[in-house]
Amino acid sequence: MAVHGHPRQTRTTKQRETQKDGHVTPEELQFSLRNLGIHVRDELIDDLLREAT
(Lines give C-alpha, C1' and ligand atoms only; values in the text may rest on other atoms or scores of the structure.)
Protein backbone atom coordinates (compact mmCIF):
# COMPACT_ATOMS: atom_id res chain seq x y z
CA MET A 1 0.00 0.00 0.00
CA ALA A 2 1.47 3.32 -1.01
CA VAL A 3 0.96 6.24 1.30
CA HIS A 4 0.61 9.57 -0.44
CA GLY A 5 0.19 13.04 0.92
CA HIS A 6 2.00 14.56 3.80
CA PRO A 7 5.82 14.06 3.58
CA ARG A 8 6.01 13.05 7.24
CA GLN A 9 3.46 10.27 6.67
CA THR A 10 5.41 8.89 3.73
CA ARG A 11 8.72 9.05 5.60
CA THR A 12 7.25 7.43 8.72
CA THR A 13 5.69 4.60 6.74
CA LYS A 14 8.86 3.96 4.71
CA GLN A 15 10.92 3.82 7.89
CA ARG A 16 8.52 1.25 9.34
CA GLU A 17 8.21 -0.99 6.28
CA THR A 18 10.32 -3.88 7.50
CA GLN A 19 9.85 -6.26 4.57
CA LYS A 20 11.03 -3.70 1.96
CA ASP A 21 8.61 -5.07 -0.64
CA GLY A 22 6.45 -1.98 -1.10
CA HIS A 23 3.66 -3.31 1.10
CA VAL A 24 2.77 -2.26 4.61
CA THR A 25 1.44 -4.75 7.14
CA PRO A 26 -1.46 -3.84 9.42
CA GLU A 27 0.96 -3.64 12.33
CA GLU A 28 3.32 -1.29 10.45
CA LEU A 29 0.44 0.97 9.43
CA GLN A 30 -0.95 1.06 12.96
CA PHE A 31 2.51 1.87 14.36
CA SER A 32 3.04 4.69 11.84
CA LEU A 33 -0.38 6.21 12.45
CA ARG A 34 0.06 6.12 16.22
CA ASN A 35 3.44 7.85 15.87
CA LEU A 36 1.60 10.62 14.01
CA GLY A 37 -0.93 10.85 16.85
CA ILE A 38 -3.70 9.13 14.87
CA HIS A 39 -5.47 6.38 16.80
CA VAL A 40 -7.48 3.97 14.67
CA ARG A 41 -9.21 0.71 15.59
CA ASP A 42 -7.57 -2.44 14.24
CA GLU A 43 -10.77 -3.26 12.34
CA LEU A 44 -10.51 -0.01 10.37
CA ILE A 45 -6.87 -0.72 9.53
CA ASP A 46 -7.91 -4.14 8.21
CA ASP A 47 -10.70 -2.58 6.14
CA LEU A 48 -8.36 0.07 4.69
CA LEU A 49 -5.75 -2.48 3.67
CA ARG A 50 -8.34 -4.84 2.23
CA GLU A 51 -9.75 -2.01 0.07
CA ALA A 52 -6.25 -1.01 -1.08
CA THR A 53 -5.42 -4.46 -2.42
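One can find the structure itself at the top, above this paragraph.
The paragraphs below set out a description of the structure included in this document. Values in this document were obtained by computation on a predicted structure and should not be read as measured data.

Scoring rules and cut-offs
- Residues numbered from 1 in each chain as written.
- Predicted model: local features only at pLDDT ≥ 70, side-chain atom pairs only at ≥ 80, totals over all residues.
- Heavy atoms only, no water.
- Axes fitted to C-alpha atoms, helices over the stretch in contact; angles between N-to-C directions.
- Helix = DSSP H or I, 4+ residues; strand = E, 2+ residues; numbered from the N terminus.
- Left-handed = near helix turned anticlockwise from the far one by under 90°.
- Contact = heavy atoms within 4.5 Å.
- Nonpolar A, V, L, I, M, F, W, Y, C, P; charged D, E, K, R; others polar.
- Salt bridge = Lys/Arg side-chain N within 4 Å of Asp/Glu carboxyl O.
- Buried < 20%, exposed > 50% of the residue type's maximum accessible area, 1.4 Å probe, protein only.

**Describing the packing of helix α2 (residues 26-35) against helix α3 (residues 42-52)**
Relative placement of two packed helices is described by the angle separating their axes and the distance separating the axes. Axis separation between α2 and α3 bottoms out at 10 Å; the angle between their running directions is 120 degrees. As for how α2 packs across α3, the hand of that crossing is right-handed. Within the contact between the two elements, α2 uses Pro26, Leu29, Gln30, Leu33 and Arg34 and α3 uses Asp42, Ile45, Asp46 and Leu49. For the contact of α2 with α3, the per-class residue count stands at 5 nonpolar, 1 polar and 3 charged.

**Comments concerning the pattern of salt bridges**
Throughout the structure, instances matching the rule amount to 2 salt bridges. Across the pair Glu43 and Arg41 runs a salt bridge whose closest N-O atoms are separated by 3.6 Å. Assessed through its relative accessible area of 47%, Glu43 is described here as partly exposed. Where Arg50 meets Asp47, a salt bridge forms, and the shortest distance between an N and an O atom there is 2.5 Å. On the criterion of helical spacing, the pair formed by Arg50 and Asp47 is a turn pair, its members being 3 residues apart in helix α3. Under the relative-accessibility criterion, Arg50 is labelled exposed at 53%.

**Topic: the environment of Ile45**
Its location among the elements puts Ile45 in helix α3. Judged by its relative accessible area of 1%, Ile45 falls in the buried class. Taking the C-alpha atoms as reference points, Ile45 and Leu33, separated by 12 residues in sequence, lie 9.9 Å from one another. Apart from residues no more than four positions distant in its own chain, Ile45 is found in contact with Pro26, Leu29, Gln30, Leu33 and Val40.

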